[in-house]
Amino acid sequence: VWTACLDQVASDMAVDSGGSASIASRDLSSGNAMLTRLSPGGSSIASQAVLGARFGPLALAAAPDGRIWLAGQTAVGATFSLKTTPDAPQPTAPNNIYSHPFVLRVNPAGTAIDYATYLTGAFGATMLGIAADGTGAAVVAGWTSSPDFPFTSGPRSPTASFLVRLRPGAARPVYSIDRKSTRLN
């Protein structure tokens, strides 16, 4: 239905505490990644935010305050970079040779990005999921083969899983754990 009616390919959906569904998708005609919020009854589009081209939205999570967290990946070779926010712990991707994950948050109105950061290393990484906790922070899970993946410490195996908790305004994640070190940063 989403593809047939709106010419978009949906990748994930989250429902906030007010009953509004938010859908992450890619617009087939423009190539833009989109975040669309439906009215609580689902009868109309309440808001829509254009996230940009050359991004793949992967997973959504609804925070208690109505903000939506989105985890995604850049396209390999993408020259369009994510516009990160001033409080981003990782404001740039190290290269465009690999696909790089990012995390962003959309304001409660669902109209604009109010937090965005990369979460990657030189060899890229893969985002597997995202959740919002009761404080509104995001917890993201994934894996990487980058030896320089930020926010974790200690030696890593060639492929390491990670769990990172992000809170806007913090210079670094609240915590970060990788499978090899299992230390909190």
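Owing to the predicted nature of the structure, the values given are computational and were not obtained by experimental measurement. (Residues numbered from 1 in each chain as written. Predicted model: local features only at pLDDT ≥ 70, side-chain atom pairs only at ≥ 80, totals over all residues. Heavy atoms only, no water.)

Caption draft 1: Expanded view of the sheet that holds strand S5 (residues 55-62). Ordered by their spatial adjacency, four strands build an open sheet running S5-S6-S7-S8, and the pairing between neighbours is antiparallel. Looking at the sheet topology across the chains shown, the edges are occupied by S5 and strand S8 (113-118). Between one strand axis and the next, the sheet turns by 20° as a mean value, whatever way the strands run. Sheet analysis places strand S6 (residues 68-74) next to strand S7 (residues 101-106), joined by six bridges and oriented antiparallel. Counted as the bridge partner of Gln 73 is Pro 101 from S7. (Pairing = 2+ DSSP bridges. Helix = DSSP H or I, 4+ residues; strand = E, 2+ residues; numbered from the N terminus. Axes fitted to C-alpha atoms, helices over the stretch in contact; angles between N-to-C directions.)

Caption draft 2: Structural view of the confidence of the model for the protein. When pLDDT is averaged across the protein, the result is 82; 82% of the residues are at 70 or more. Mean pLDDT per element in the protein: helix H1 (residues 2-6) is the minimum at 58, and S7 is the maximum at 93. In the model, residues 181-185 has pLDDT below 50 throughout and makes 18 contacts with residues more than four positions away in sequence or in other chains. (pLDDT = per-residue confidence, 0-100. Contact = heavy atoms within 4.5 Å.)

Caption draft 3: Structural context of the sheet that holds strand S3 (residues 32-38). What the four strands build is an open sheet, ordered S1-S2-S3-S4; its pairing is antiparallel. Of all the strands in the sheet, just strand S1 (8-15) and strand S4 (45-53) have a single pairing partner and so form its edges. Here the strands of the sheet are splayed against their neighbours by 20° on average, with no regard to which way each runs. As judged from the seven bridges shared by S3 and S4, these two strands associate in the antiparallel manner.

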